[in-house]
Amino acid sequence: MKIAVIGTGKTGGKVVELLGDELSEAFDSSNPPTVEKLQQADAVIIFVPGDAVPDVMDTVIEAGIPAAWGSTGCEWPNDLEEQVKAKNAKWIMASNFSLGMNVIRKSIEAISAGSNILKDPEFHIHEVHHVHKKDAPSGTALSWKEWLDKEAEVTSSREGDVKGIHELTLKTETEEITLKHKALDRALFAEGAIWAAKQLVNHSKMEAGIRTFGQLFDQVMEEQK
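We now turn to the structure provided with this report. (Residues numbered from 1 in each chain as written. Predicted model: local features only at pLDDT ≥ 70, side-chain atom pairs only at ≥ 80, totals over all residues. Heavy atoms only, no water.)

## Some thoughts on the pairing of strand β1 (residues 3–6)
As a reminder, the rule being used: Think of it in three bands: with a 1.4 Å probe and only protein chains considered, a residue is buried below 20% of the maximum accessible area for its type, exposed above 50%, and partly exposed in between. Numbering of helices and strands runs from the N terminus, with a helix taken as a DSSP run of H or I at least four residues long and a strand as a DSSP run of E at least two residues long. Following DSSP output, two strands are said to pair if at least two bridges run between them. Here the term right-handed applies to a crossover when the path leading from its first strand over the helix to its second strand runs clockwise, the strands being oriented away from the viewer.
Along β1, one buried face is formed by Ile-3 and Val-5 and the opposite face, lined by Ala-4 and Ile-6, is buried too. Pairing of β1 with strand β2 (residues 23–27) involves three bridges; the strand directions are parallel. What sits directly across from Val-5, in β2, is Ala-26. Read as a crossover between parallel neighbours, the route from β1 over helix α1 (residues 10–19) to β2 is right-handed. Relative to strand β3 (residues 43–46), β1 is paired through four bridges, and the arrangement is parallel. The residue of β3 that forms the bridge with Val-5 is Ile-45.

## Quick word on the environment of Asp-218
Here Asp-218 is to be found in helix α8 (residues 213–223). Expressed as a C-alpha distance, the spacing of Asp-218 and Asn-102, which sit 116 residues apart in the sequence, is 8.6 Å.

## Observations concerning helix α7 (residues 187–202)
Heads up, the condition is: In a helix, the anticipated span is given by 1.5 Å times the number of residues less one. What makes two residues a contact is simply this: any of their non-hydrogen atoms within 4.5 Å.
The end-to-end C-alpha distance of α7, which contains 16 residues, comes to 22 Å, matching closely the 22 Å that a straight helix rising 1.5 Å per residue would cover. Here α7 has its buried residues at Ala-187, Phe-189, Ala-190, Gly-192, Ala-193, Ile-194, Ala-196, Ala-197, Gln-199 and Leu-200. Buried residues along α7 sit in contact with β1, α1, β3, β4 (67–69), β5 (90–93) and α8.

## A word on the sheet that holds β5
What counts here: Here the axes come from fitting lines to C-alpha atoms, over the contacting stretch only for helices, and the angles between their N-to-C directions go from 0 to 180 degrees.
The sheet built from six strands is open, its strands ordered β2-β1-β3-β4-β5-β10 with parallel pairing. At either end of the open sheet lies a strand with only one pairing partner, and these are β2 and β10 (209–212). The sheet shows a mean angle of 20° between the axes of neighbouring strands, direction not considered. In terms of strand pairing, β4 meets β5 through three bridges, oriented parallel. In the sheet register, Ala-67 faces β5, and the bridge partner there is Trp-91. Sitting on the sheet, α1 is in contact with β1, β2 and β3, with an inclination near 160° to β1. Strand contacts of α7: β1, β3, β4 and β5, with the helix running at about 150° to β3, the strand carrying the most contacts.

So this is what it looks like as structure tokens:
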């Protein structure tokens, strides 16, 4: 299998490193992707800043190959799903490619359901990332709020070269519950993105369209039961 990579920054560079001989080609601002070059790969992994998404999105759509997107802080077209399906392509959109984050998702859903029996619970989500991260709050923090499906304060900090720390606090007058996820190495995001891209290629019967990383994870886990 050959996988192309668009974006060779902190996380994209780690993807390139881990792919090794499976790398088709790495693209960046000095070597922009073309439809022809992308079609030489079985799939593509994209880690570009949100403001750079418009520069590569149409090319990825036109190439029609499976794509795993790790870009956050961008506005996607309302008809994106239709465009992807028209090319019979399969995309994964992720705010965070940590496989362990799917364990967190299940935990947050359980906390949300359980909080219904508590008196006046308050929720706070806090995230910390490196100083070069442009969007705040992070896409992952916004996903946590979506999974929680409750009113929650969301705050952000930018410090040094932090890979990513996310923390959910549930507090009442008599108790406090904290759920925390800390990324220790960007390799975990690269590994998850590579896993997702390979799943898109290997699942030939998977329908065209856009899925979240969580939806792909749940589908694969269900098939393995």
